Amino acid sequence: MKAKAKNIGNDRLSIEVHHGKQIIMVDYKGLKENEMIELIHANFELVIQTKTRLILADYRNCYVTPAFVAEAKKFTEATMQHIDKVALLGIDSVKSWILKGILLTYPVNFKPFHTKEEASQFLTE
C-alpha cells in the first residue's frame, strides 16, 4: 500500500497514513544539534495537536548530543501517555546505549529497525 504524506509546514515532520493508521514521520538525518532540538519541539507540538499515537523517527547521519538527549528525555516524559509506539531508524552502537537507558527509565514501546518497511509494519500491527 502506498503511503499518503501530509506536510506539516516542515519538510522533516509529516504525517503519513500506512494501513489506515496515521504515523508521525520525523527526519533527523544530517541535522546539527540545534536543528534536532527544534525538530523534537515541533514533534511534541504535533503529537499534542493531532493526538497521533505512532512515530517513526530517522536518526541516520546525525549525532545524538547530551543536549539533545536531555530534550529527548523531556519529550518522552511529556508524551509517554500520548504515544503507543515509536520506531527508530539509524540506531548505531552509541545510540543503542542511549535507547537502552531510555527504555530502563520509562515504560515506553520504542524499538530500532533497519528499514522503514520493518518500522512501519511494527507501528501498524
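Predicted model, so just to flag it, every value in this text is computed and none were measured.

**A word on the overall build of the chain**
Okay, so step 1: Of regular secondary structure, the chain possesses four helices and six strands.
Okay, so step 2: For the chain, the α and β elements follow one another from N to C terminus as β-β-β-α-β-α-β-α-β-α.
Okay, so step 3: Here the chain has a C-alpha radius of gyration of 13 Å; the compact-globule value for 125 residues is 14 Å, and the two agree.
Okay, so step 4: The C-alpha extent of the chain, read off along each of the three principal axes, is 35 × 30 × 30 Å.
Okay, so step 5: Relative to all contacts within the chain whose residues are 6 or more apart in sequence, the contacts with residues 24 or more apart total 68%.
Okay, so step 6: Counting only carbon and sulfur atoms, one obtains 54% of the accessible surface of the chain, whose full area is about 7,300 Å².

**Brief notes about the pairing of strand S6 (residues 110-113)**
Okay, so step 1: Relative to S6, strand S5 (residues 85-89) runs parallel, the two sharing four bridges. The residue bridging Leu89 from the neighbouring strand is Phe113, located in S6.
Okay, so step 2: What joins S5 to S6 is helix H3 (residues 93-105), and the crossover it makes is right-handed.

**Some points on the pattern of salt bridges**
Okay, so step 1: For the coordinates displayed, the defined rule picks out eight salt bridges.
Okay, so step 2: When the shortest N-O distance is used, the salt bridge between Asp58 and Lys29 registers 3.6 Å. Of this pair, Asp58 sits in strand S4 (residues 54-58) while Lys29 sits in the loop between strand S3 (21-27) and helix H1 (33-50), placing them 29 residues apart in sequence.
Okay, so step 3: Assessed through its relative accessible area of 6%, Asp58 is described here as buried.
Okay, so step 4: Across the pair Asp92 and Lys95 runs a salt bridge, and its minimum N-O distance is 3.9 Å.
Okay, so step 5: Connected through salt bridges with shared partners, the residues Arg12, Asp27, Lys29, Asp58 and Arg60 form a single ionic network.

The rules behind the values
Residues numbered from 1 in each chain as written. Predicted model: local features only at pLDDT ≥ 70, side-chain atom pairs only at ≥ 80, totals over all residues. Heavy atoms only, no water. Helix = DSSP H or I, 4+ residues; strand = E, 2+ residues; numbered from the N terminus. Rg over C-alpha atoms; globule rule 2.2 N^0.38 Å. Contact = heavy atoms within 4.5 Å. Areas by Shrake-Rupley, 256 points an atom, 1.4 Å probe, with all protein chains shown as cover. Pairing = 2+ DSSP bridges. Right-handed = clockwise from strand over helix to strand, strands pointing away. Salt bridge = Lys/Arg side-chain N within 4 Å of Asp/Glu carboxyl O. Buried < 20%, exposed > 50% of the residue type's maximum accessible area, 1.4 Å probe, protein only.

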